[in-house]
Amino acid sequence: MKIDSSLPLEYSTEENRLKIFGFWIFLGAEIALFATLFTVYFVLENRTGSGPTGAEIFELTPVLLETFILLTSSFTIGLGIHAMRLGNKKAMMSFFIITLILGLGFLGIEIFEFFTYVHEGATITTSAFLSALMTLLGTHGAHVTFGLFWGTAILIQVAKRGLTDKTANKAFIFSLYWHFLDVVWIFIFSFVYLKGLIS
């Protein structure tokens, strides 16, 4: 397999470039999935029935904390990829570990938030609004959970095999996935939480 040393390690073979291109196509399908979930939410957000509205259950502090944590994790994974391109395995792994810890923190707050909603009588079956909300948040949370397992698997591979064209390719593709989750969360924060709090 021919390695082009003029390119970053993750792009250094044709197979790697094709895998990255293929992952961009996959992200296109993910965009369609979340666009559908957002559309359903916007159609149903006023269908609260006898249940609470967004303004009644949303709290700004945990949402701001979640947003800060996820934005920070996007920054740390960027630092991890930068360290990887410099050939610094230890720094790359350290930044990836920090990213995953932040992801775990985000998930912890989101789970606590779900328990709070349920405790207040806001469940997935209470109203169409809550059904759409929890499906959207749950799908994003499931993606973060999958990302934590995926990122851990990549760290194990890098620890065992070092920074090769294959491990670098996997790490870079994972970083694209993580940035994507961050972008989706910005939309959730802006158009679900903030809009819900001011309406």
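Residues numbered from 1 in each chain as written. Predicted model: local features only at pLDDT ≥ 70, side-chain atom pairs only at ≥ 80, totals over all residues. Heavy atoms only, no water.

1. Considering the side chain of S74
Here S74 lies in helix α3 (residues 60-85). A residue is classified by how much of its surface remains accessible, and S74, at 10% relative accessible area, is buried. Within the local environment of S74, its side chain forms a polar contact with the side chain of D182, the two groups lying 3.2 Å apart. Those residues in contact with S74, other than ones at most four positions away along the chain, are W178, H179 and D182. (Helix = DSSP H or I, 4+ residues; strand = E, 2+ residues; numbered from the N terminus. Buried < 20%, exposed > 50% of the residue type's maximum accessible area, 1.4 Å probe, protein only. Polar contact = N/O pair within 3.5 Å; in protein donor to acceptor, adjacent residues only side chain to side chain. Contact = heavy atoms within 4.5 Å.)

2. Thoughts on the confidence of the model for the protein chain
Predicted coordinates in regions of low pLDDT should not be interpreted in detail. Per-residue confidence for the protein chain gives a mean pLDDT of 93, with 95% of residues at or over 70. At the level of individual helices and strands, the protein chain shows its lowest average pLDDT in helix α2 (residues 54-57), which scores 90, and its highest in helix α5 (residues 128-161), which scores 97. (pLDDT = per-residue confidence, 0-100.)

3. Comments concerning α3
In this model α3 runs 38 Å from its N-terminal to its C-terminal C-alpha over 26 residues, within 8% of the 38 Å that 1.5 Å per residue would give. Backbone geometry just downstream of α3 places G87 in the positive-phi region, at approximately 80°. (Expected span 1.5 Å × (residues − 1).)

4. Some thoughts on the packing of helix α1 (residues 14-44) against helix α6 (residues 165-198)
Contact geometry for α1 and α6: axes closest at 11 Å, N-to-C directions at 15°. Taken together, the axis directions place α1 and α6 in an arrangement best described as roughly parallel. The two elements α1 and α6 meet at a crossing, and its hand is right-handed. Of the residues assigned to the contact of α1 with α6, the class counts are 19 nonpolar, two polar and five charged. (Axes fitted to C-alpha atoms, helices over the stretch in contact; angles between N-to-C directions. Parallel < 35°, antiparallel > 145°, perpendicular 65-115°, else oblique. Left-handed = near helix turned anticlockwise from the far one by under 90°. Nonpolar A, V, L, I, M, F, W, Y, C, P; charged D, E, K, R; others polar.)

5. Points about the pattern of salt bridges
Between side chains of opposite charge, pairing is possible as soon as their charged atoms come close. All chains considered together, the criterion is met by two salt bridges. Across the pair E15 and K19 runs a salt bridge whose closest N-O atoms are separated by 2.9 Å. With E15 and K19 both in helix α1 and four residues apart, this pair spans about one turn of that helix. The class for E15 is partly exposed, based on a relative accessible area of 32%. The partner of K195 in a salt bridge is E45, and the shortest N-O contact between them spans 2.7 Å. You can see K195 sitting in helix α6 and its partner E45 sitting in the loop between α1 and α2, a full 150 residues away along the chain. Classification of E45 as buried rests on a relative accessible area of 17%. (Salt bridge = Lys/Arg side-chain N within 4 Å of Asp/Glu carboxyl O.)

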